[in-house]
Amino acid sequence: MMREVKVVCREMDCGNPVSESRGRLIEDGRRGVRLYRCRGHESSIRQCGRGGPGVCDGEYYRHVTCSESVRLVDGAGLCSGRVEVKSNQSWASVCEADFDRQDAEVVCRDVGCGAPAALQGGLYGEGEGQTWDKEFQCKGKESLLLDCDTSDRENNTCLPGNAVGLTCSEPDDVRLVGGGSRCAGGVEWYDQGEWRTVGTLSDVMSIAVVVCRQLGCGSTVSVLPGNTTRGFGVSCSGSEPSLRECIRTNELRPGLTVICSDLLVQPDIFLTDPMGGVFRGHQRPEMFRGYNFTITCSTQPQYPGGSFLLTFTSSNRTQIQPAVNHSAAFLFPAADDSHQGNYSCVYDNYVFSHNFSSESELLSLTITGN
């Protein structure tokens with residue numbers, strides 16, 4: 001439906017699509033028409049395919065919310081583009097010098113997206129119209145850009161390449177449940193105050209690609225049949241930045257389980273010693289020569305089993321141990337100069353019929369004689 005909402009907001013000159021919801025026609029006795037799929041670039045819903053009047057009887061009509069006073073244009077999706085503000089019934093670009101991170105937080109919230117991810121002048125081209133003649137003074141907590149204070153700009157010129165472009169994260173309206181990880185499980189979509197199961201209308205892999213992308217969970221590893229719960233049907237091409245830009249119907253379809261590549265959380269690595277030979281240097285831990293020490297790898301209790309590989313990057317030496325209670329300890333009996341360098345832990349596990357791995361941050365160790 002977000003393709004149709006794009007067209008409605010564009011036709012009404014009301015900014016970006018923020019949300020859409022549904023209600024039964026009999027609530028107020030209205031009749032309606034059924035829209036056949038819009039492509040999203042139409043200037044009017046009259047250019048979309050339509051059924052005749054009255055065919056929606058007993059089904060649903062749509063409520064649409066647009067951002068009204070701000071929009072993101074020429075971006076890759078609903079949550080990226082050049083920032084434009086409505087002024088005197090026309091749209092104006094915003095100069096980068098008049099826009100900061102707090103302003104960006106409000107704009108992303110106003111257009112129904114997540115937190116700001118990138119903010120840069122000229123990122124999405126230059127606007128053809130005028131430049132906004134005010135400077136925003138948002139505090140970052142406002143719901144709408146119109147709620148922010150403004151002041152007159154100190155400099156009335158905005159150099160080419162400085163029309164501010166903004167990329168927001170996708171909205172937090174999709175999750176994977178029941179898979180032991182935020183990157184694995186049955187697909188659910190937050191809709192009108194509740195989490196609802198997502199079913200599939202077509203290619204399940206295309207839906208999975210969009211879900212993994214939106215969640216920041218890497219690539220798609222596999223798609224499994226969901227549980228017996230049925231959900232509203234979704235169809236994606238695979239190129240959409242978020243699930244809300246896919247086609248959706250209220251026809252119930254079997255759910256699906258998606259497994260993404262970033263299944264395992266990042267393991268931790270830390271250094272301990274029983275003899276007091278470790279102390280904190282200016283930039284990294286330092287170890288006295290001759291003292292024994294232990295490097296411990298651990299991870300959150302997502303799945304049983306697995307193993308830890310300790311890698312010493314300075315010499316490509318490795319050690320491996322099974323994970324016991326989700327951790328493993330590697331003992332070094334006497335520190336010498338050969339132990340100085342960088343260490344990392346790699347946690348490996350075989351789940352959902354696939355091998356997965358996740359690597360820790362580097363632990364840098366210095367050996368000293370003092």
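Residues numbered from 1 in each chain as written. Predicted model: local features only at pLDDT ≥ 70, side-chain atom pairs only at ≥ 80, totals over all residues. Heavy atoms only, no water.

J.: Tell me what's going on with the sheet that holds strand β18 (residues 293-298), and back it up with residues and numbers.
T.: Strand order in the open sheet formed by three strands is β15-β18-β21, and the pairing between neighbours is antiparallel. Here the strands that pair on one side only, and so sit at the sheet edges, are β15 (268-272) and β21 (327-332). Strand-to-strand twist across the sheet, computed as the mean angle between neighbouring axes with direction ignored, equals 20°. Sheet topology places β18 next to β21; six bridges connect them, and they run antiparallel. By the bridge assignment, Thr296 is partnered in β21 with Ala329. (Pairing = 2+ DSSP bridges. Helix = DSSP H or I, 4+ residues; strand = E, 2+ residues; numbered from the N terminus. Axes fitted to C-alpha atoms, helices over the stretch in contact; angles between N-to-C directions.)

J.: Any details on helix α2 (residues 101-110)? Residues and values, ideally.
T.: By the burial criterion, the buried members of α2 are Asp103, Ala104, Val106, Val107, Cys108 and Asp110. Where α2 begins, the side chain of Asp100 points an oxygen toward the backbone nitrogen of Gln102, at a separation of 3.2 Å. Phi turns positive, to about 80°, at Gly112, one or two residues after α2. (Buried < 20%, exposed > 50% of the residue type's maximum accessible area, 1.4 Å probe, protein only. Polar contact = N/O pair within 3.5 Å; in protein donor to acceptor, adjacent residues only side chain to side chain.)

J.: Can you break down the confidence of the model for the protein residue by residue, with the values?
T.: Mean pLDDT over the protein stands at 85; residues scoring 70 or higher make up 88%. Per-element confidence in the protein is highest for strand β23 (residues 354-359), whose mean pLDDT is 96, and lowest for strand β16 (residues 278-280), whose mean pLDDT is 67. (pLDDT = per-residue confidence, 0-100.)

J.: So what about the nonpolar core? Which residues, and what values?
T.: The nonpolar side chains of a soluble globular protein tend to be buried, and buried together. With 27 residues, the main nonpolar core has Leu263, Phe293, Ile295, Leu310 and Tyr343 as its most contacted residues. Of all elements in the fold, only β15, β18, β19 (307-312), β21, β22 (341-351) and β24 (363-368) reach the threshold of two or more residues within this core. For this core, the element with the most residues is β22, which contributes four residues. Aside from chain neighbours lying at most four places away, what touches Leu263 is Ser181, Cys183, Ala184, Gln302, Tyr303, Val351, Phe352 and Phe356. In terms of nonpolar packing, the next biggest core, distinct from the first, is built from 22 residues, Leu72, Val85, Trp132 and Leu166 among them. (Core = buried A, V, L, I, M, F, W, Y, C linked by side-chain atoms within 4.5 Å. Contact = heavy atoms within 4.5 Å.)

J.: If you had to explain the state of the cysteines to someone new, which residues and values would you point to?
T.: If you walk through the whole model with that rule in mind, you get eight disulfides. Between the sulfur atoms of Cys212 and its disulfide partner Cys260 the distance amounts to 2.1 Å. In this structure, the disulfide formed by Cys212 and Cys260 twists by about -90° around the S-S bond and is classed as left-handed. Taken together, the positions of Cys212 in helix α3 (residues 204-215) and Cys260 in strand β14 (residues 247-260) put the pair 48 residues apart, joining distant regions of the chain. (Disulfide = S-S within 2.5 Å.)

J.: Describe the environment of Cys148, and please don't skip the residues or the numbers.
T.: Looking at the secondary structure, you find Cys148 in the loop between β7 (134-137) and β8 (149-152). Expressed as a C-alpha distance, the spacing of Cys148 and Phe136, which sit 12 residues apart in the sequence, is 6.7 Å. Apart from the residues lying within four places of it in its own chain, the contact partners of Cys148 are Val106, Cys138 and Glu142.

J.: An account of unusual backbone geometry is requested, with residue identities and associated values reported.
T.: A positive phi angle, close to 55°, is found at Asp13, a residue other than glycine. Even without being glycine, Phe352 reaches a positive phi, approximately 50°. Take Phe352: it is sitting in the loop between β22 and β23. Phe352 gets classed as partly exposed once you look at its relative accessible area, which sits at 29%.

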